[in-house]
Amino acid sequence: MRKILIVDDELSIIEVLKRLLAKEGYVLVTSLDGNDARNKLKEEVFDLMITDVRLPGVDGLTLLKEARQLQSHLAVIMMTAYADVDNAVLAMKNGAFDYITKPFKFDEILLTVQRALSYEEALAENEMLRSRLTTKFHFNLIVGDSDPMVQVYRMIEKVAKTNSTVLITGESGTGKELVAKGIHNSSPRHSHPFITLNCAAMPDALLESELFGYVKGAFTGATQDRKGLFETADKGTLLLDEISTMPVNMQSKLLRVLQEKEIRRVGGTSSIPVNTRIIAATNENLEKKIRGGKFREDLYYRLSVIPLEIPPLRNRREDIPLLVSHFLDLFKKENSRSVDISSQVVESLKEYSWPGNVRELENILKRLATLCENNIIRIEDLPPAIMKKKKGVKHVKNF
Ligand SMILES: Nc1ncnc2c1ncn2[C@@H]1O[C@H](COP(=O)(O)OP(=O)(O)OP(=O)(O)O)[C@@H](O)[C@H]1O
Ligand SMILES: [Mg+2]
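So, about the pairing of strand 13 (residues 277–282). Moving residue by residue along a regular strand, the side chains alternate between the two faces of the sheet. A large share of strand 13 lies buried, amounting to six of its six residues. Burial along strand 13 is two-sided: the face carrying Arg277, Ile279 and Ala281 and the face carrying Ile278, Ala280 and Thr282 are both buried. As judged from the four bridges shared by strand 6 (residues 166–169) and strand 13, these two strands associate in the parallel manner. Each bridged residue has a counterpart across the sheet, and for Val166 the counterpart in strand 13 is Ile279. Inspection of the sheet shows strand 10 (residues 237–241) paired to strand 13 by four bridges, in the parallel sense. When the sheet's bridge partners are listed, Thr237 is paired in strand 13 with Arg277.

With that settled, consider the domain arrangement of the protein chain. Quite often, the size of an interface is put as the accessible area lost when its parts meet. What the domain assignment reports for the protein chain is domain 1 (3–129), domain 2 (165–311) and domain 3 (314–397). The gap between the C-alpha centroids of domain 1 and domain 3 is 49 Å.

Our next topic: the sheet that holds strand 3 (residues 48–52). Strand order in the open sheet formed by five strands is 2-1-3-4-5, with parallel pairing between adjacent strands. The open sheet has two edge strands, strand 2 (27–31) and strand 5 (98–102), and neither has a second partner. For this sheet, the mean angle separating the axes of adjacent strands, direction not counted, is 20°. As defined by bridge partners, strand 4 (residues 75–81) adjoins strand 5 across five bridges and the pair is classed as parallel. Its bridge partner lying in strand 5, Ala81 is registered against Lys102. In the packing of helix 2 (residues 34–43) onto the sheet, the strands contacted are strand 1 (3–7), strand 2 and strand 3, and the crossing angle to strand 2 comes to about 140°. Lying on the sheet, helix 4 (residues 85–93) is in contact with strand 4 and strand 5; it crosses strand 5 at an angle near 165°.

Attention now moves to the packing of aromatic side chains. Applying the stated criterion across every chain, the model contains five aromatic pairs. The ring of Phe46 carries Lys3 above its face, with NZ or CZ at 5.7 Å from the centroid.

Conventions used here
Residues numbered from 1 in each chain as written. Chains lettered and ligands numbered in written order. Predicted model: local features only at pLDDT ≥ 70, side-chain atom pairs only at ≥ 80, totals over all residues. Heavy atoms only, no water. Buried < 20%, exposed > 50% of the residue type's maximum accessible area, 1.4 Å probe, protein only. Helix = DSSP H or I, 4+ residues; strand = E, 2+ residues; numbered from the N terminus. Pairing = 2+ DSSP bridges. Domains from an automatic or database assignment. Axes fitted to C-alpha atoms, helices over the stretch in contact; angles between N-to-C directions. Contact = heavy atoms within 4.5 Å. Phe/Tyr/Trp six-rings, centres within 6.5 Å; stacked < 30°, edge-to-face > 60°. Lys NZ or Arg CZ within 6 Å of the ring centre and 35° of its normal.

Printed below as a string of structure tokens:
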């Protein structure tokens, strides 16, 4: 669904545009002044912004410049009164997609919106094609060039520029943590810490002091002040992994941090401002947990400002050969021993359903590479569940 930000200080214009564009199925966010719009650009990802040139707070031209910096793919349409066309032309020179003069005709605006969105799409795709080869390095070794993964890369690029909370969902082993790192590494926060907290591995009693820190004397054993992860990851990114396992009382505390952007150490009285980007990940269905009263709905909405679903490996089998060569490369680097694999094996790997996703593939390849004879993985080496009997020429492919 395409998301459009409409900025105008005239409520009537906003209302008209909202009605018109909602009918076309676009998701709309509106703003009555430049400052507010700027904040929204920092928090959410949009596909298009339609903004008046004259605005209270930050004016339309400045907003355009900032939008280009914050969300480089964003197409911008300027609205202007007849008398103000000079400014609109200036806006075009500064990268606006087009301008429309008020009062505008409905079909004119619809057409401009459609053109702007397809332009934005083409631009992003071109860029994606160009960066495909470098993707592996760019996103911290995320391998795969299937369509679903290209969509994931597009989202990573878009969200990296914002401070928005991201909720990464997907089956176990699909690469959620890797994607979270990819977001951090492509974001302006990359030179600050990236910290992962696995909520499931942390006893409930410790979770609060781990996240918020504590002051001396807060409890027995608290012999000195200690920073929590929110503070340690300040200016960086904190990944809350397995968020579904977080106890409900901690969920309320997390919600407060997300709203107020400040924390209070356990036993402390003062509030400490934090600028930590939160990414949450889960392989559970949070909506089901909400229905069961195990997860706070308001926190869910707060976390899933940008939802990012990582597709299971069985839905992107074309990535399997690339992943195989990637993992064998890693094996070679770690063991100084190069292992070949028969193309028949790769075919069988492509047909297996991979309930444990990329992690399962990685583990199986490690095992096969370690145990195979003469440094060649053959069809006979495969576990029965994966082996697909196929007669024919045995061709050994060298990666
Ligand atoms: N696209 C990919 N390219 C390269 N390696 C990958 C990819 N996806 C996953 N991996 C590797 O697979 C393993 C599992 O990935 P990761 O830990 O990110 O999965 P996860 O979705 O967080 O799993 P879980 O839900 O079990 O925590 C890691 O070793 C990771 O490096
Ligand atoms: Mg994980």
